[in-house]
Every structure is written in C-alpha cells, then in structure tokens.
Amino acid sequence: MIGSPTALADSDLETRLRETAKHHGNTLYVPSGAFWGGEDIQKMADAGTLKALTVTMSKHPSCFRFSTPLPPLSSGSGSRTVLFSGPVRDLCPIAPNNVNSMAAAAMAAHNLGFSGVTGCIVADTDLTDWHVVLVEVTGPEFEGSGRSFTVKTERRNPAKLGAVTGNATYQSFWSSVLVCQGHGGKVHLC
C-alpha cells in the first residue's frame, strides 16, 4: 500500500510498481483519501471513455504546505486565489502533503495519467473550517452533438484552521487499510 500517492508522480517509480505488481500477481494499493468517485472514474478509464478529469482543492491559505512557494496565478474573486492549475504530475513535487487525493485521481484515471489529469489549488480565506475538493469528470461526446457526459462532485471535509488534512481523511485512510487484501496483480484504488 502506498502511504503517499504523490510519490507515484515519478513516472519511473509508477511504471516499476505497476509492472512488479502485475508480474508477481500482487496488488498495488492506492488509498483514495479525499478523492471521491474513484471507482467510477477507474471504470471509465478502463473502458477508454474518460476524456478529462480536473480536481480542485480549496483550503484556507494556512492549510497548504508547499516545498516551493507558489505565486498567485490569478486573484480570482473576493477571497479566492488560484495558486496552481495544471498537470498533477507538476503539482505533486510542489505540494506533496496536500495533493494525495489528486495523485489517487491520476492513478484511477490511468488513461490520462499524472500528466493528463488537471490539478487546481485554490487558497480561500473564507474557508476557515473546511477543505473542499471538487472533482469534474468529462466523458465521451454524444453522437457528434457537442454535448458530453459530465459529473461534478464536491466533498466538504471539516478541518481546523491551519490543518493540512481534514477530519474525515483519517477514517478514509483507515478504511483503505481494511480493504487491502485479495485483489491480486493489479492497481486497486481503496
């Protein structure tokens, strides 16, 4: 079981772990953390129908721990400032303590991968007791109509001011540990 899925943003490590699990018939367990809807996204990736995935994480600025300071990309509106918007692969080394759910999303969305899944970090001074994760999924276009399958989910996790992780994440991780058995030879989001 990977304790911190952000480590898988290293493409060589990800490839070696996937190949080793498959070769030996073992399972690479990836905890989903704050990521919601991973199993359905993984099914779409398996079928090749997942076309785009964006995960936006919004927290109070005191809740972020960056290895490299991020200048604001835009001042946004009111209390919201976009600090990063781009490939999850680029974001993981900058914010390894904050984006495990985005890394889990990139593993579920294996047809897009870390370079194809978009991660967005938003600092919001109004979020003094919540961490908010918005997951936006785009599927195939319907018969050339210009209309595509879409799903948006928002997860609001109670959190103390300054906390990197929200309150519900601990139980989510423990639940992941409890399902780690008997899935042989593949990557399993748990």
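Trainee: Honestly, unusual backbone geometry in this entry has me stumped. Any pointers?
Mentor: Glycine aside, a negative phi is what most residues show, and trans is what most peptide bonds show. Positive phi, normally seen in glycine, also occurs at Glu143, with a value near 40°. Along the chain, the position of Glu143 falls in the loop between β5 (130–141) and β6 (148–158). The class of Glu143 is exposed, set by a relative accessible area of 69%.

Trainee: Explain the sheet that holds β5 to me, please; I cannot follow it from the model alone.
Mentor: Hydrogen bonds along the backbone pair up the strands of a sheet, which may run parallel or antiparallel. One open sheet accounts for five strands, arranged β3-β4-β2-β5-β6; its pairing is mixed. Whereas interior strands pair on both sides, the edge strands pair on one side only; in this sheet they are β3 (80–87) and β6. Across this sheet, the average inter-strand angle for adjacent strands is 15°, counted without regard to direction. Bridge count between β5 and β6: ten bridges; the pairing is antiparallel. In the strand pairing of β6, His131 is matched with Asn157.

Trainee: It is not clear to me how the environment of Gly116 should be interpreted in this structure. Could you clarify?
Mentor: Structurally, the position occupied by Gly116 is in helix α5 (residues 113–116). Taking the C-alpha atoms as reference points, Gly116 and Pro87, separated by 29 residues in sequence, lie 6.1 Å from one another.

Trainee: Quick question: what am I supposed to make of the nonpolar core here?
Mentor: What tends to happen in soluble globular proteins is that the nonpolar side chains get buried as a cluster. Counting 39 residues, the largest nonpolar core has Ile41, Leu53, Met102, Phe114 and Ile121 as its most contacted members. Sorting the residues of this core by element identifies β1 (28–30), α2 (38–47), β2 (52–59), β3, α3 (88–91), α4 (100–108), β4 (118–124) and β5 as the ones contributing at least two each. By residue number, the principal contributor to this core is α4, which donates seven residues.

Trainee: When you look at the packing of aromatic side chains in this model, what are you seeing that I'm missing?
Mentor: The geometry of an aromatic ring pair is captured by the separation of the ring centres together with the interplanar angle, meaning the angle of the planes. Taken as a whole and judged by the stated rule, the model has one aromatic pair. Seen from their ring centres, Phe64 and Phe66 are 5.3 Å apart, and the 15° between their planes marks the pair as stacked. A cation sits over an aromatic face here: Arg156 above Trp130, 4.9 Å from the ring centre.

Trainee: Is there a simple way to explain the pattern of salt bridges in this structure?
Mentor: A side chain of one charge can pair with a side chain of the opposite charge if their charged atoms are brought near each other. Applying the stated rule across the entire model yields five salt bridges. The salt bridge partner of Arg80 is Asp124, with a shortest N-O separation of 3.7 Å. On the criterion of sequence distance, the pair formed by Arg80 in strand β3 and Asp124 in strand β4 is long-range, its members being 44 residues apart. For Asp124, a relative accessible area of 7% translates into the label buried.

Trainee: How should I be thinking about α2 in this particular structure?
Mentor: An α-helical segment advances 3.6 residues per turn. Residues three or four places apart therefore align on the same side. Of the positions making up α2, those classed as buried are Gly38, Ile41, Gln42, Met44 and Ala45. Down the axis of α2, the smallest arc covering the buried residues is 160°, so these residues share one side. Exposed side of α2, more than 90 degrees from the buried face: Glu39, Asp40, Lys43, Asp46 and Ala47 are the residues found there. Immediately downstream of α2, the backbone of Gly48 shows phi near 75°, a positive value.

Trainee: What's the story with the side chain of Ser58 in this structure? I'm lost.
Mentor: Following the sequence through the fold, Ser58 ends up in strand β2. Setting aside anything within four residues of it in sequence, one finds Ser58 in contact with Arg80, Val122, Leu127, Trp130, His131 and Val132.

Trainee: I would appreciate a short explanation of the environment of Thr54 in the present structure.
Mentor: Here Thr54 is to be found in strand β2. With 63 residues separating them in the primary sequence, Thr54 and Val117 have C-alpha atoms 6.0 Å apart. The contacts of Thr54, once residues within four sequence positions are left out, are Thr118, Leu134, Val135 and Glu136.

What counts as what
Residues numbered from 1 in each chain as written. Predicted model: local features only at pLDDT ≥ 70, side-chain atom pairs only at ≥ 80, totals over all residues. Heavy atoms only, no water. Helix = DSSP H or I, 4+ residues; strand = E, 2+ residues; numbered from the N terminus. Buried < 20%, exposed > 50% of the residue type's maximum accessible area, 1.4 Å probe, protein only. Pairing = 2+ DSSP bridges. Axes fitted to C-alpha atoms, helices over the stretch in contact; angles between N-to-C directions. Core = buried A, V, L, I, M, F, W, Y, C linked by side-chain atoms within 4.5 Å. Phe/Tyr/Trp six-rings, centres within 6.5 Å; stacked < 30°, edge-to-face > 60°. Lys NZ or Arg CZ within 6 Å of the ring centre and 35° of its normal. Salt bridge = Lys/Arg side-chain N within 4 Å of Asp/Glu carboxyl O. Arc of directions from axis to C-beta. Contact = heavy atoms within 4.5 Å.

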